Amino acid sequence: MLISEAAAKTDLTKKAIEYYEEQGLICPEISENGYRNFSQDDILKLREISVLRSLGLSVAEIKEFFSDNGHGKIQEIINRKAFEAQAFKEKERLLRELSEKTDWDKIQEDVKTLERKNSVLTRLLNCFPGFYGQYLIVHFAPFLNEPITTPEQQKAFDTIVSFLDNLEMDIPEDLREFIYEITKEMDSDFAEKMSENLHKTVENPKKYLEENHENIELYRQIKESEEYKNSPAFRLNEYFRKISSENGYYDIFIPAIKKLSPSYKAYCEKLKEADRIFAEEFEG
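So, a few notes on the structure that sits alongside this text. Just so it is clear, the model here is predicted, and its values are computed rather than measured.

A look at the overall build of the protein
Helix and strand counts for the protein come out as 15 helices and 2 strands. Scaling as 2.2 N^0.38, a compact globule of 284 residues should have a C-alpha radius of gyration of about 19 Å, whereas the protein reaches 24 Å, well beyond that. Based on the C-alpha atoms only, the size of the protein along its principal axes is roughly 80 × 60 × 35 Å. Burial analysis of the protein (284 residues in total) assigns 39% to the buried set. Long-range contacts, defined as pairs at least 24 residues apart, comprise 67% of the intrachain contacts of the protein with a sequence gap of at least 6.

Listed below in structure tokens is the structure:
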């Protein structure tokens, strides 16, 4: 069918269809007379494109969606949209503060801090797929609100950005599929709950042990079981452990975060103490 018929069947303008063709989203056949011939598959894809555009996806994101028939990519897009919405709320808060206090110098510094924070979090989200990326941005976000006041902090920030820009995560396809599947099954606030739980553990490990001893012991038993060791979850955990050790996550990224954020350095000291207490309880 001709482009006029395609437009009528999809409720898209001819200009929009031509644009999607230019972007490589559809590839209609070219007849001998030079006219484009749109198939039923083209019409179906144009309708899907129209829906995705209505949901706020960019052309680049739609290309991602179709790159593997949407499998898995939609979750990454959802995560990115959620992050963008949170970033917008923080900018909105600064606008309100500016309207109330009109302190341009403070707002300018806060904007710089927010931009640095979002640049790190965006890179984390791009590097680590699914629930793992979601957890990392929730975990590190509170420690990225501090302004840079020393050359050492600036150097640490540059190190972090360079590390994430050059980080390669060649996750095996079956493990990537596993990540997408379990991410879809998790509650939308699971990352916040995980991070909150870890912070409670670090702040008062002895109290956490007293209140959750039975659950912790059960978790340890599951981790030691043959069923778990033969599961995709175990393979995924081992993969991240291996890749983190090899790519410098613990030797480059974490030390740089400590230098950038004094509060994160203090948090790590508490985490180290919590690990010691847990080791005494279960391994001593």
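Concerning the pattern of salt bridges
By the definition in use, this model includes 20 salt bridges. Glu 90 serves as the salt-bridge partner of Lys 117, at 3.3 Å between the closest nitrogen and oxygen. Here Lys 117 is found in helix α6 (residues 104-127), whereas its partner Glu 90 is found in helix α5 (residues 73-101), with 27 residues between them in sequence. Between Lys 229 and Glu 224 there is a salt bridge, with its nearest N and O atoms 3.9 Å apart. On the basis of relative accessibility, which here comes to 34%, the residue Lys 229 falls in the partly exposed class.

Looking at the layout of surface pockets
Picture a little ball the size of a water molecule; that probe, rolled over the atoms, points out where space is still empty. By volume, the largest pocket amounts to about 2,200 Å³. Around the largest pocket sit 43 residues that line it, and Tyr 135, Leu 198, Tyr 219, Lys 223 and Asn 237 are the ones nearest its centre. Broken down by element, the residue count for the lining of the largest pocket peaks at 9 residues, all from helix α11 (residues 205-224). A class-by-class count of the residues in the lining of the largest pocket yields 30 nonpolar, 7 polar and 6 charged. By volume, the second largest pocket is sized at about 510 Å³. Together, 23 residues line the second largest pocket, and Ala 82, Gln 134, Ile 137, Val 138 and Glu 192 are the ones closest to its centre. Breaking the lining of the second largest pocket down by element, the ones donating at least two residues are α5, α6, α7 (130-140), α9 (173-185) and α10 (190-203). With 7 residues, the top contributor of residues to the lining of the second largest pocket is α5.

Regarding the environment of Leu 125
Position of Leu 125 relative to the elements: it lies in helix α6. Sequence spacing of Leu 125 and Arg 93 is 32 residues, and the spatial spacing of their C-alpha atoms is 23 Å.

Thresholds, definitions, all that
- In every chain, residue numbers begin from 1 and rise along the written sequence.
- A pLDDT threshold of at least 70 governs which residues receive local features in this predicted model, and a stricter bar of 80 or more applies before side-chain atom pairs are shown or counted, although totals over entire chains, interfaces and linings include all residues.
- Just so you know, side-chain values use all the structure's heavy atoms and leave hydrogens and water out.
- Elements are defined by DSSP. Helices are runs of H or I of four residues or more, strands are runs of E of two residues or more, and each kind is numbered from the N terminus.
- Between the two quantities, the radius of gyration covers C-alpha atoms and the globule rule is 2.2 Å times the number of residues to the power 0.38.
- Remark: exposure states derive from per-residue accessible area (1.4 Å probe, protein chains only) relative to the maximum for the residue type, with buried under 20%, exposed over 50%, and partly exposed in between.
- Contacts between residues were defined by any pair of non-hydrogen atoms, one from each residue, lying within 4.5 Å.
- Note on definitions: salt bridges are taken to be side-chain nitrogens of Lys or Arg within 4 Å of carboxyl oxygens of Asp or Glu.
- Think of a 1 Å grid over the protein atoms and nothing else: a 1.4 Å probe that fits but is trapped marks a cavity, an open set flanked by protein within 12 Å on at least five of seven lines marks a pocket, and residues with an atom within 4 Å of a point count as lining.
- Grid points are joined across faces, edges and corners, and a volume is the space filled by probe spheres set on the points.
- Classes in brief: Ala, Val, Leu, Ile, Met, Phe, Trp, Tyr, Cys and Pro nonpolar; Asp, Glu, Lys and Arg charged; the others, Gly included, polar.

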